[in-house]
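# Coordinate inspection notes
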Amino acid sequence: MPELPEVETVKNVLKDKLIGKKFSSPFIYYDKLLKTDIDFFKKDIAEKKVIDITRRGKFLIIHLSSEMKMVFHLRMEGKIYVVSKDNYSLSHLSLFIPFSDDDEALAFYDVRKFGVLYYLKEEDDSIFSSLGKEPFEVEGKDIYPFYKKSNKMIKELLLDQSIMSGIGNIYADEILFKSGISPFKKGSSLTLDEIERIVSNSVEILSLAIKNKGSSVRTYRASEEVKGSFQSFLQVYSRENKLCNKCKQFVIKKRKLSGRGTSYCPKCQRSNYTLCITGKIASGKSEVLSFLKQLNFATLSLDDEIKKMYQDEMFLSLLKRRFNNIFVGDSLDKEKIFSLLFEDKAFKRKYLSLLYSELKKRINDFIIFNDGVKKAVEVPLVFDAKMDKMFDFLVGIETSNQKRNLLNRDKSIKKLSFNDLNSYDENRDKLDYIIKNDSSLSQLYEESKKMVSLFDEKYNSHLENT
């Protein structure tokens, strides 16, 4: 952010205010803004006249007299305003260039300081050498070979400016939603028809966004007076955990992909649904997870993941730095952890925060990796870990035979004290389905199949129309 529509809007706003203006000597408040020779810029920019303003991808280009140009990349928070010489803010100001012929100036503001400026000769297009064409300039068949040979996910490919330029995080999510394609689908698995849909919808969405002066999310404004309105058209971006406007059955989910938030509808974009299997200790969660695996679900057990983490040298090293008191020499003392979780509130808060953070990453990666198939994750303390929003459906497993089940597993009944950490009862009303496990394994299997049929029907209903 800003992306193509926002930069196009900035270009149009500045054209009305800048063309014909002549610059005086600049004031540079953040030297790293300039990616070309700063001393040359300071000396050469004075008396240069603005001839035109254009855009390439997300780059804004101010063409000047004497065959020179300024090329801005606004990055995350960059803003270019025309301001009064006598009334402007110094907060986050990186560059200030007064006009020599009136009482205004060009000001570049940047909270994050990621924006950059190149001062170049007009014929120097070297910074654009790896920039792909814009969606307005290509057809599906033009980019099909690039996508087809890649095992990257389509969301990542849409953000690759060398293939097709101008699309950023907001519009990539919106384009893929309108195209009915999961952001996690690999480029190599896309058909030509799907890629043509992506290009066509890119043009449609970007055009509508330009018409609405971009999306004013976070702090973006094209100028101090102009605010975008495309945010009112957003279907998935910034709508995490809200009901999908299209299918009205699933809520919008947000995952982390290559460090970026990625929003999508699991149903409309055919990513398939994810179940959370939860409940108190020894209720039968692992048995249900096993049955779901037999029913062709991809499965993940957080109990198993914790065991893996306790054998991972990097994670153990992190634990030792944070909680040296739970180690005896180089060995992790699990009994000490068990005791401290009940006896030391500060330890419990810090330890579980670290543990849950790592587990959330693993759930996120598991869901992305298994895109397109049904998924189930066993999460005993889902509400306490604040993970419930990560899933499409929450399934509780309940039994009146916890003690018997623990003894059958050769586990001490003191493990029942783990229920004291579990807020399952307080959150029971949030569950989408409850399986009673007080009978035989065969009956538990039949109950699991019944549950799957119910969720399959919800996912598959009217799917052809999404």
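Refer to the structure above for everything that follows.
An account of the accompanying structure is given in this report. Just so it is clear, the model here is predicted, and its values are computed rather than measured.

### Thoughts on the packing of aromatic side chains
- By the definition in use, this model includes 24 aromatic pairs.
- Relative to Phe96, the ring of Tyr88 has its centre 4.2 Å away and its plane inclined at 25°; by these criteria the two rings are stacked.
- Judged by relative accessible area, Tyr88 falls into the partly exposed class, the value being 28%.
- With 6.0 Å between their ring centres and 65° between their planes, Tyr273 and Phe297 make a pair best called edge-to-face. Taken together, the positions of Tyr273 in the loop between strand S10 (260-264) and strand S11 (274-279) and Phe297 in the loop between helix H7 (285-294) and strand S12 (298-301) put the pair 24 residues apart, joining distant regions of the chain. Phe297 matches Tyr273 in its accessibility class, with the two residues each being buried.
- Within the aromatic cluster, the residues linked to one another by ring pairs are Phe250, Tyr273, Phe297, Phe393, Tyr433, Phe455 and Tyr459.
- In this arrangement the basic side chain of Lys113 is found over the ring face of Tyr30, its NZ or CZ atom lying 5.8 Å from the centre.

### Topic: unusual backbone geometry
- One non-glycine residue with positive phi stands out, namely Glu67, at about 60°.
- Along the polypeptide, Glu67 turns up in the loop between strand S3 (59-64) and strand S4 (68-73).
- Not every positive phi belongs to a glycine, and Lys113 is a case in point at roughly 65°.

### Observations regarding the nonpolar core
- Core analysis: the largest hydrophobic core is formed by 46 residues, its most contacted members being Leu319, Ile326, Tyr351, Ile363, Val379, Met387 and Phe391.
- The set of elements that each furnish at least two residues to this core consists of S12, helix H8 (302-309), helix H9 (313-322), helix H10 (334-343) and helix H11 (345-369).
- With 11 residues, H11 is the single largest residue contributor to this core.
- With residues near it in sequence (within four places) discarded, Phe391 still touches Lys253, Thr274, Leu275, Cys276, Ile363, Val377, Val379 and Val382.
- Counting residues in hydrophobic clusters, the runner-up holds 29 residues, among them Phe23, Ile62, Phe72 and Leu117.

Conventions used here
- Positions within a chain are numbered from 1, following the residues in the order the chain's sequence is written.
- Owing to the predicted nature of the model, reporting of local features is limited to residues with pLDDT of at least 70; listing and counting of side-chain atom pairs is limited to 80 or more, with chain, interface and lining totals taken over all residues.
- By convention in this description, side-chain values take in all heavy atoms of the structure and omit both hydrogens and water.
- Under the pairing criterion, centres of Phe, Tyr and Trp rings, with the six-membered ring standing for Trp, must be within 6.5 Å; the plane angle then separates stacked pairs below 30 degrees from edge-to-face pairs above 60, leaving the rest tilted.
- Categorising residues by exposure relies on relative accessible area from a 1.4 Å probe, with only protein chains included: less than 20% of the type maximum marks a residue as buried, more than 50% marks it as exposed, and the intermediate range marks it as partly exposed.
- Per the convention used, a helix needs a DSSP run of H or I reaching at least four residues, while a strand needs a run of E reaching at least two, with both numbered from the N terminus.
- Placement of a charge over a ring requires the Lys NZ or Arg CZ to be within 6 Å of the ring centre, with the centre-to-atom vector within 35 degrees of the ring normal.
- The set of buried Ala, Val, Leu, Ile, Met, Phe, Trp, Tyr and Cys residues whose side-chain atoms join them within 4.5 Å is what this entry labels a nonpolar core.
- Working rule for contacts: check all heavy atoms of both residues, and any pair within 4.5 Å makes them a contact.

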